[in-house]
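# Close look at the chain arrangement
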Amino acid sequence: DGGITQSPKYLFRKEGQNVTLSCEQNLNHDAMYWYRQDPGQGLRLIYYSQIVNDFQKGDIAEGYSVSREKKESFPLTVTSAQKNPTAFYLCASNTGTAPRGTEAFFGQGTRLTVV
Amino acid sequence: AQSVAQPEDQVNVAEGNPLTVKCTYSVSGNPYLFWYVQYPNRGLQFLLKYITGDNLVKGSYGFEAEFNKSQTSFHLKKPSALVSDSALYFCAVRDGAAGNKLTFGGGTRVLVKP
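Secondary structure summary: chain B contains 0 helices and 12 strands in total. Each helix and strand of chain B, placed in order from N terminus to C terminus, yields the pattern β-β-β-β-β-β-β-β-β-β-β-β. By the compact-globule yardstick of 13 Å for 114 residues, chain B fits well, its C-alpha radius of gyration being 14 Å. C-alpha extents for chain B along the principal axes are approximately 45 × 30 × 20 Å.

Written as structure tokens, this is what we have:
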């Protein structure tokens, strides 16, 4: 089946630790995105990538880092610099700039909790 | 900068009654508009989109949305709501003149009562 896979589903982080969230897609999509969702709130864009080896900061990039070494993979690292990382993280992908009207497909999310 | 507003945090409706979830947007170019639904602890599922053409767009599960350029709105509608439609609904926009960034509204929780 084609789709986006996020892992793990639940992740616990100790204070001061870096953690990496995985996102893999087999849809042959050029563009990939990371969003953060806080309880009862909307989605805020962390980073996005339109093509391999290129990515741009979103609205709340501080304390996060990404890489895009392969088309199908877009891992997100939550660093110790992110002071309030507890949230639900969603990865998405779409075909990118051509055509612009295509919808994004989402993974099932990773719930990160600081303990 | 592009933006989306969903003015209602929650909409309550009785089963069988019409459902409307409001969305307004702001872009500098032509808008590409989307509606998604989210069930608890799950990712977002695509419902429908407006790219160009007819202002009334039909989507999944009996939902439709009306694009109104003069009011910069894209309200989601369903003629007869089901209890199973209870979920969190998100409107999103991509500005055709501003790259590939996808911006979401704050979400509207829909509660359909039997």
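Bringing a nonpolar patch on the surface into the picture now. Residue and element names in this part refer to chain A. Together, Y10, F12 and V115 line one region of the surface with nonpolar side chains, adding up to about 350 Å² of accessible area. Tracing the sequence through the fold places Y10 in strand β2 (residues 10-13). Judged by its relative accessible area of 47%, Y10 falls in the partly exposed class.

Residues and elements named next belong to chain B. Residues L19, W35, L47, L48, F74, L76 and Y89 are the most contacted members of the largest nonpolar core, which totals 26 residues. Mapped by element, the contributors of at least two residues to this core are β2 (10-14), β3 (19-21), β5 (31-38), β6 (44-50), β8 (64-68), β9 (73-78), β10 (87-95) and β12 (108-113). It is β10 that contributes the most residues to this core, 4 residues altogether. Those residues in contact with L19 that lie beyond four places of it in its chain are V11, V13, F63, L76, K77, K78, A81 and V110.

What follows is about the environment of S70(B). Residue and element names in this part refer to chain B. Summarising the element assignment, S70 is placed in the loop between β8 and β9. Exposure remark for S70: the relative accessible area of 69% places this residue in the exposed category. Polar contacts involving the side chain of S70 include one to the side chain of N68, which spans 2.8 Å.

Residues and elements named next belong to chain A. Note that the residue after S7, namely P8, is joined by a cis bond; omega there is -10°. Relative to the elements of secondary structure, P8 occurs in the loop between β1 (4-7) and β2. Of note, the phi angle at N53 is positive, near 65°, even though the residue is not glycine. Structurally, N53 can be placed in the loop between β5 (43-51) and β6 (54-57).

Attention now goes to the environment of N12(B). Residue and element names in this part refer to chain B. Its place among the elements puts N12 in strand β2. With 74 residues separating them in the primary sequence, N12 and S86 have C-alpha atoms 9.2 Å apart. A distance of 2.8 Å separates a polar atom in the side chain of N12 from a polar atom in the side chain of Q10.

The next subject is empty space enclosed by the protein. Applying the stated criterion to the full structure yields 1 cavity of 30 Å³ or more. Quantified by volume, the largest cavity comes out at close to 30 Å³. Contributing to the lining of the largest cavity are K9(A), Y10(A), F88(A), G109(A), R111(A) and N41(B). Within the lining of the largest cavity, the residues separate by chemical class into 2 nonpolar, 2 polar and 2 charged.

Rules used throughout
Residues numbered from 1 in each chain as written. Chains lettered and ligands numbered in written order. Predicted model: local features only at pLDDT ≥ 70, side-chain atom pairs only at ≥ 80, totals over all residues. Heavy atoms only, no water. Helix = DSSP H or I, 4+ residues; strand = E, 2+ residues; numbered from the N terminus. Rg over C-alpha atoms; globule rule 2.2 N^0.38 Å. Patch = residues over 30% accessible without salt bridge, like charges linked within 9 Å, V, L, I, M, F, W, Y side chains within 5 Å. Areas by Shrake-Rupley, 256 points an atom, 1.4 Å probe, with all protein chains shown as cover. Salt bridge = Lys/Arg side-chain N within 4 Å of Asp/Glu carboxyl O. Buried < 20%, exposed > 50% of the residue type's maximum accessible area, 1.4 Å probe, protein only. Core = buried A, V, L, I, M, F, W, Y, C linked by side-chain atoms within 4.5 Å. Contact = heavy atoms within 4.5 Å. Polar contact = N/O pair within 3.5 Å; in protein donor to acceptor, adjacent residues only side chain to side chain. 1 Å grid on protein atoms, 1.4 Å probe; cavity = no way out; pocket = protein on both sides within 12 Å on 5 of 7 lines; lining within 4 Å. Points joined across faces, edges and corners; volume = space filled by probe spheres on them. Nonpolar A, V, L, I, M, F, W, Y, C, P; charged D, E, K, R; others polar.

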